[in-house]
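Examination of the molecular architecture
So you can see what is in the structure, the chains are spelled out below.
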Amino acid sequence: MSRCIAGALWVLLSGATLVSAEDWPQWLGPAQAATWEATELIPEFPAEGLSPRWHAPVGLGYAGPAVADGRVFLFDYLLTSGEVSNNPGARVSLEGEERLSCFSSRDGTLLWRQGYAAPYHISYPSGPRATPTVDGDRVYTLGAEGRLCCRSVADGSLQWEVDLKANYGVNSPMWGFAAAPLVDGERLYVMVGGEGHAVVALHKHTGQELWRALSAPDAGYSAPTVVDAGGTRQLIVWHPHAISGLNPASGEVYWSVDLKPDYGMSIMVPRFSDGILFASGIGNVGAALRLAADQPAAEVLWRGTATTGVYCANSTPLIVDGILYGCDCRSGALLAVRLETGERLWETLAPTVGGAGRRAGHGTAFLVRQENRFVLFSETGDLIFARLTPEKYEELSRMHLLDPTNECFGRPVVWSHPAFAEGCVFARNDRELVCVSLRKDAP
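What counts, and at which threshold
- Residues numbered from 1 in each chain as written.
- Predicted model: local features only at pLDDT ≥ 70, side-chain atom pairs only at ≥ 80, totals over all residues.
- Heavy atoms only, no water.
- Pairing = 2+ DSSP bridges.
- Helix = DSSP H or I, 4+ residues; strand = E, 2+ residues; numbered from the N terminus.
- Axes fitted to C-alpha atoms, helices over the stretch in contact; angles between N-to-C directions.
- Core = buried A, V, L, I, M, F, W, Y, C linked by side-chain atoms within 4.5 Å.
- Buried < 20%, exposed > 50% of the residue type's maximum accessible area, 1.4 Å probe, protein only.
- Contact = heavy atoms within 4.5 Å.
- Phe/Tyr/Trp six-rings, centres within 6.5 Å; stacked < 30°, edge-to-face > 60°.
- Lys NZ or Arg CZ within 6 Å of the ring centre and 35° of its normal.
- 1 Å grid on protein atoms, 1.4 Å probe; cavity = no way out; pocket = protein on both sides within 12 Å on 5 of 7 lines; lining within 4 Å.
- Points joined across faces, edges and corners; volume = space filled by probe spheres on them.
- Nonpolar A, V, L, I, M, F, W, Y, C, P; charged D, E, K, R; others polar.

1. Some thoughts on the sheet that holds strand E35 (residues 424–428)
Adjacent strands of a sheet pair through backbone hydrogen bonds, lying either parallel or antiparallel. Overall, antiparallel pairing links the four strands, which are arranged E2-E36-E35-E34 in an open sheet. Each edge of the sheet is formed by a strand with only one pairing partner; in this case those strands are strand E2 (54–57) and strand E34 (419–421). When strand polarity is set aside, the average angle formed by the axes of neighbouring strands in this sheet is 15 degrees. In terms of strand pairing, E2 meets strand E36 (residues 432–437) through four bridges, oriented antiparallel. If you follow Pro57 over to E36, its bridge partner there is Glu432.

Here's what the structure looks like:
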């Protein structure tokens with residue numbers, strides 16, 4: 001059976017939705033792979049940069065855009081009372097409205113906008129964190145204070161909603177609910193936190209709970225993901241205390257390994273390649289797990305130290321040919337690390353905080369692979385073409401895309417992952433959403 005036929009058969013049997021290669025329908029894109037399948041893109045940026053095809057005014061937020069079927073979905077915050085201030089050790093109270101806006105991907109026309117009142121009491125309160133998840137004719141959003149909504153793609157009408165805090169008796173994490181919901185067949189996986197329901201599976205059409213599993217002090221910030229290992233599909237969940245593999249259909253826990261980053265900051269999506277699963281966070285807490293080939297089980301291959309591994313936060317690393325490329329949250333540098341051993345190969349500040357030579361906590365660049373190169377979006381608002389190899393970071397071209405409008409430790413930042421679809425980059429800050437074409441034949 002060909003791969004294409006087998007893949008189509010799995011889609012039909014599982015109830016999953018076919019996704020166009022031109023779409024970026026969720027956090028990290030199709031299959032959460034952070035891979036852009038586009039071809040015929042420009043090899044470098046012109047000296048004068050590129051002008052946006054369009055831009056649209058938006059509100060506050062960390063949530064990146066999602067793009068599907070000619071529509072761009074952007075989740076933001078309209079502040080009505082209070083003052084945004086970023087104190088990592090204290091919550092801030094604001095009054096405002098969380099809004100989901102739908103734009104035409106062709107020209108930025110606002111097609112519809114739906115919102116609701118959303119008082120905030122979280123740290124770093126500049127809007128929702130979780131990128132919308134688009135699945136066929138429905139789009140799912142998770143607000144910073146735990147309001148989960150399912151809306152119609154056509155007009156934004158509410159299909160169902162669940163208040164995670166009220167329904168499960170949990171509190172918001174310090175930095176708000178941030179883990180983007182994941183659709184898998186007829187199920188929608190959501191990180192909730194609490195005793196017995198750290199992760200919950202809901203029916204994606206009704207919001208009805210299908211199962212609950214695990215216990216954790218709160219939801220953490222890491223989105224669930226699905227891998228094929230041990231002869232079966234496994235739902236991988238990383239909450240503030242442990243990383244676990246579960247049966248996606250029932251919530252049965254196959255295995256769990258302690259992995260407790262400082263401050264409960266489980267953030268990056270665990271990455272899987274050639275039988276090895278990797279996750280890491282602040283406090284030099286990270287591990288590579290060997291997943292068994294013949295059954296759903298895991299053992300620790302290595303744990304990171306102060307001189308090995310990479311400790312990721314805002315951005316999720318990529319694994320290419322046995323090498324991890326990821327941003328270290330303490331130093332703010334982009335590192336290359338050998339997946340099998342944790343050996344560090346090189347590091348650079350150039351694509352994160354600008355390469356000025358000074359380290360910066362939580363320096364961030366979002367990484368996407370495109371053909372034989374990488375496309376990076378830096379916290380300084382630059383879009384970068386680069387080649388990453390075990391030997392070095394080689395910057396090919398760079399242009400300024402957006403001005404940073406937020407702040408971290410006294411420096412300006414933009415911390416929203418762009419979407420890459422239809423030959424374009426779609427990126428946002430706290431003022432505007434822009435679409436810039438990277439096609440060779442763009443007018």
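2. Overview of the nonpolar core
Grouped together as the largest cluster of nonpolar side chains are 54 residues, with contacts concentrated most on Tyr325 and Leu388. Residues in contact with Leu388, not counting those within four places in the same chain, are Tyr325, Leu334, Trp346, Leu367, Phe374 and Tyr393. Membership of the second largest hydrophobic core comes to 35 residues, among which are Trp54, Met399, Ala419 and Val425.

3. Observations concerning the pairing of strand E17 (residues 232–238)
Counting buried residues in E17 gives five out of seven residues, a clear majority hidden from the surface. Where strand E16 (residues 225–229) lies against E17, five bridges are found, and the strand directions are antiparallel. Of the residues in E17, the one forming a bridge with Ala229 is Thr232. In this structure, the hairpin formed by E16 and E17 is closed by a connection of two residues, where Gly230 is found at a positive phi of approximately 65 degrees. Linking two consecutive strands that pair antiparallel, namely E17 and strand E18 (residues 242–246), is a turn of three residues.

4. Here's the deal with unusual backbone geometry
Notably, Asn284 is not glycine yet its phi reads approximately 55 degrees, a positive angle. Its place among the elements puts Asn284 in the loop between strand E21 (276–281) and strand E22 (285–291). Residue Asp321 is not a glycine yet carries a positive backbone phi of 50 degrees. Positionally, Asp321 belongs in the loop between strand E24 (318–320) and strand E25 (323–327). We classify Asp321 as exposed; its relative accessible area is 74%.

5. What about the packing of aromatic side chains?
For the structure shown, the criterion picks out 14 aromatic pairs. Here Tyr140 and Trp160 contribute two aromatic rings whose centre-to-centre distance is 6.1 Å and whose plane-to-plane angle is 50 degrees, an arrangement assigned as tilted. Linking Tyr140 in strand E9 (residues 138–142) with Trp160 in strand E11 (residues 158–163), this pair joins segments that are 20 residues apart in sequence. By the burial criterion, Tyr140 is buried, and Trp160 matches it. Among the aromatic residues, those joined into a ring-pair cluster are Tyr325, Trp346, Phe374 and Tyr393. Between the NZ or CZ atom of Arg147 and the centre of the ring of Tyr116, over which it lies, the distance is 4.0 Å. In this structure, Arg373 is placed above the aromatic ring of Phe385, and the distance from its NZ or CZ to the ring centre is 3.8 Å.

6. A closer look at the layout of surface pockets
Think of a ball as big as a water molecule: rolled over the atoms, this probe shows where empty space is left. When its volume is computed, the second largest pocket comes out at roughly 740 Å³. Contributing to the lining of the second largest pocket are 33 residues, with Trp175, Met265, Ile267, Asn314 and Trp415 lying nearest its centre. When the residues that make up the lining of the second largest pocket are grouped by side-chain class, the tally is 22 nonpolar, nine polar and two charged.

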